[in-house]
Amino acid sequence: MILRAPIVFLFAVLIVVQMVVLAQPVQAAPKANLWPEWQAHDPHSITEIDHAAWQAVLDRFLIVNEPGASRFDYAAARQNGGDVMVADYVDAMTKVAVGQLGRDQQFAYWVNLYNALTVKVVLDHDPVKSIRDIDISPGFFSSGPWGKKLITVEGRSLSLDDIEHRILRPIWRDARIHYAVNCASVGCPALAGDAFDADKLDTQLDQAARDFINHSRAVRVQDDGRFVLSSLYDWYRDDFGKSDSDFIAHLKSFAGQELMAILGDINDLDIAGYEYDWALNTQ
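Residues numbered from 1 in each chain as written. Predicted model: local features only at pLDDT ≥ 70, side-chain atom pairs only at ≥ 80, totals over all residues. Heavy atoms only, no water.

Visitor: Explain unusual backbone geometry here, please?
Guide: Excluding glycine, residues mostly have negative phi values, and the peptide bonds linking residues are mostly trans. A cis amide bond, omega 10 degrees, links Asp126 with the succeeding residue Pro127. Relative to the helices and strands, Pro127 is located in the loop between helix 5 (103-125) and strand 3 (151-153). The phi dihedral of Arg173 is positive, around 50 degrees, even though this residue is not glycine. You will see that Ala184, though not glycine, has its phi angle at about 60 degrees, which is positive. You can call Ala184 buried: its relative accessible area is 1%. (Helix = DSSP H or I, 4+ residues; strand = E, 2+ residues; numbered from the N terminus. Buried < 20%, exposed > 50% of the residue type's maximum accessible area, 1.4 Å probe, protein only.)

Have a look at this one:
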């Protein structure tokens, strides 16, 4: 009886703490933090990685509803062997000697692997309403699958966060990476219908940037003239430009005629808020 009150009190405190954490908005992703061992590459390599198996998955189960918006048919993939196709592709990629590739081959490798691994995680746990419901990351306050070590490449265990924040972002330092990697959510830049190809990277990355930036879930204007932006531009603001003028210049680089007319000659944005739809990008 003497111990019961402290235990009950501690349990109540833990519940309150959990409720507070769950009530908080999703915070910025980890900072770009290079793991130096992944800088190894061979500029003279002529090795090309075949991503046809991933392309076959995209061709069968990805539905492009409109430019900049796509859905993945997870149910059809599970029913028609798509889960096995994705698993086999991911397994094949883990056997690649990444450090012996050229830089462009490495970039295509990591982006395609990230996207396929994200689809695999969802297929392994589906049905879910959101990827955030796949709560397998380590840590009491963690959510989602991003921190979970999922694969081993060249003897190193890697999570989705590791691929994005310890390899892709710090090595290439290209804001367009955010338009290429997909988090299986409606609010995320669309999962591309074409596997990334080392020989077409600039073209593919530019297209991914244009598709997202010109969609209303990236940038829209309220009746009062204030902007509502994707939370992507809040979480990773420095990647898109530290100053307002740099950020606007980034948007203008990929803006279509309609968005360019809205941006006009402004040098700063009156931002009303940020939005992000975490609903699963399912068909």
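Visitor: Explain the pairing of strand 6 (residues 227-230) here, please?
Guide: Within a regular strand, side chains alternate between the sheet's two faces. Sheet analysis places strand 5 (residues 219-221) next to strand 6, joined by three bridges and oriented antiparallel. Looking across to strand 6, one finds that Val219 is bridged to Leu229. From the end of strand 5 to the start of strand 6, which pair antiparallel, there are five residues, and Gly225 there has a positive phi angle of about 85 degrees. (Pairing = 2+ DSSP bridges.)

Visitor: Quick question: what am I supposed to make of the side chain of Ser130 here?
Guide: Residue position: Ser130 is located in the loop between helix 5 and strand 3. In this structure Ser130 comes out as buried when scored by relative accessible area, which is 10%. For Ser130, the side chain forms a polar contact with the main-chain oxygen of Trp278, separated by 2.8 Å. Ignoring any residue separated from it by four or fewer positions in sequence, one finds Ser130 in contact with Trp278 and Leu280. (Polar contact = N/O pair within 3.5 Å; in protein donor to acceptor, adjacent residues only side chain to side chain. Contact = heavy atoms within 4.5 Å.)

Visitor: Any chance you could explain the packing of aromatic side chains here in plain terms?
Guide: Aromatic ring pairs are defined here through the distance separating the ring centres and the angle between the ring planes. Overall, the coordinates contain 15 aromatic pairs when judged by the stated rule. Judged by centre distance (5.9 Å) and plane angle (45 degrees), the ring pair of Tyr179 and Phe240 falls under tilted. Of the two residues, Tyr179 sits in helix 7 (residues 177-180) while Phe240 sits in the loop between helix 9 (232-235) and helix 10 (244-254), which places them 61 residues apart along the sequence. Look at Tyr179 and you get buried, because its relative accessible area is 1%. Both rings, one in Phe212 and one in Tyr233, keep their centres 6.3 Å apart while their planes meet at 50 degrees; by these two values the pair is tilted. (Phe/Tyr/Trp six-rings, centres within 6.5 Å; stacked < 30°, edge-to-face > 60°.)

Shape descriptors only; they carry no functional weight alone.
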